[in-house]
Amino acid sequence: MTADLVLDVQGLAVEYGTDRPARAVDDISFRLHRGEILGVAGESGSGKSTLMTAVSRLDRPPARVVSGSVRYHPRDGAPVDLLSAPPGQLRELRWDRLAVVFQSAMTALNPVMRVGAQFVDVLRTHQRMNRKEAWKRAAELLELVGIPGDRARNYPHEFSGGMRQRAAIALALACDPEIIVMDEPTTAVDVVMQRQILAQLQELQARFGFAIVFITHDLALLVELADRIMIMYSGRVVETGTASALYRAPQHPYTLGLRDSSPTLRGPRREVRAIGGSAPDLWDLPAGCAFHPRCPQRTAGCDTTRPPLLVRDGHGTACLLAQPAAARPATTPNGTEEGA
């Protein structure tokens, strides 16, 4: 274990339903280090938000964690498995050590409470501040994200979308956590505001040193923000690596499709191509690689063999094209598998 490890997720699996469960997160493992930004990308339905709620233990029935561990490593003391921690211990860790920015700040803030009052609730619960100190701190936190402190007395509907998003980020920073999980925090704002929020987020992260798990469907955004990226498809990680390597030379056809489906503002012009088809039904996943019905590079064995995530030099890919030749199904001259 490295000294700067802050979160260690191993073999995490989450299912929905009981009679005929659908596995929305399937054997996910990753490590997060202090001060690191880990991006998680994929289309809607790939399991990103389910991963977030499971890691922060905010999942509710019919979702249930069926296997795995989520270990938080404090700076001092023994690791804590968040999945088995008693409610009292979990309450102490939330917001103080692990905070969440929920998807769509338009609905994340309580509409009938003043914005500052929502900060006060957190600060009085976790920091044991009196009401006057908490209101003062709420104003300071809003100013950190570029909102005048006197706006703490406003209601959420009096804020613009970008202001609400920045207020949600400031609320996550209230107790100086070590980890912040962000679930598509910029999808409800325009591109200009999105860039402003991300620039401010990077500045805050450099200043306070917290680690971030940033979940989005926008791979291009993560390339500018993240240190490492995980690509999810149908509940599994299909590729992971450094942001620059993954964008420059993706090894999985799905990652390549995500990259090429959005325009670039810099570099040479290239054709923008959408990924054909749609994500499969989790209750009726295809045999073999779940992406193979949509994959333009599918080959023999893709419809029968589910490739494991093979990691080499820090870059992992779950694709037969990236497997050693000895591990691929043997084919006959006409392209069919031997024995078929």
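Computed from a predicted structure; not experimentally measured.

A. Quick look at the pairing of strand 7 (residues 179-183). Summarising burial for strand 7: five of the five residues are buried, a large majority. Burial along strand 7 is two-sided: Ile-179, Val-181 and Asp-183 facing one way and Ile-180 and Met-182 facing the other are all buried. Where strand 6 (residues 98-101) meets strand 7, four bridges bridge the pair, whose relative direction is parallel. If you follow Val-101 over to strand 7, its bridge partner there is Met-182.

B. Spatial organisation of the side chain of Arg-34. Locating Arg-34 in the fold gives a position in the loop between strand 2 (22-33) and strand 3 (37-41). In terms of polar contacts, Arg-34 uses its side chain to reach the backbone carbonyl oxygen of Leu-5, at 3.1 Å. At a separation of 2.9 Å, a polar atom in the side chain of Arg-34 contacts the side chain of Glu-178.

C. Examining the environment of Pro-21 more closely. With respect to the element layout, Pro-21 can be found in the loop between strand 1 (5-16) and strand 2. Sequence-wise, Pro-21 and Arg-64 are 43 residues apart; in three dimensions their C-alpha atoms are separated by 9.9 Å. Aside from chain neighbours lying at most four places away, what touches Pro-21 is Glu-15, Tyr-16, Arg-64 and Trp-283.

D. Here's a closer look at the packing of helix 6 (residues 161-172) against helix 7 (residues 191-208). Two numbers describe how helix 6 lies on helix 7: the axes approach to 10 Å, and their chain directions differ by 20°. In terms of orientation, helix 6 and helix 7 fall into the roughly parallel class. Once helix 6 is placed against helix 7, the crossing between them reads as right-handed. Along the contact surface, helix 6 presents Gly-162, Gln-165, Arg-166 and Ile-169, while helix 7 presents Met-193, Ile-197, Gln-200 and Leu-201. Split by residue class, the contact of helix 6 with helix 7 holds four nonpolar, three polar and one charged.

About the thresholds
- Residues numbered from 1 in each chain as written.
- Predicted model: local features only at pLDDT ≥ 70, side-chain atom pairs only at ≥ 80, totals over all residues.
- Heavy atoms only, no water.
- Buried < 20%, exposed > 50% of the residue type's maximum accessible area, 1.4 Å probe, protein only.
- Helix = DSSP H or I, 4+ residues; strand = E, 2+ residues; numbered from the N terminus.
- Pairing = 2+ DSSP bridges.
- Polar contact = N/O pair within 3.5 Å; in protein donor to acceptor, adjacent residues only side chain to side chain.
- Contact = heavy atoms within 4.5 Å.
- Axes fitted to C-alpha atoms, helices over the stretch in contact; angles between N-to-C directions.
- Parallel < 35°, antiparallel > 145°, perpendicular 65-115°, else oblique.
- Left-handed = near helix turned anticlockwise from the far one by under 90°.
- Nonpolar A, V, L, I, M, F, W, Y, C, P; charged D, E, K, R; others polar.

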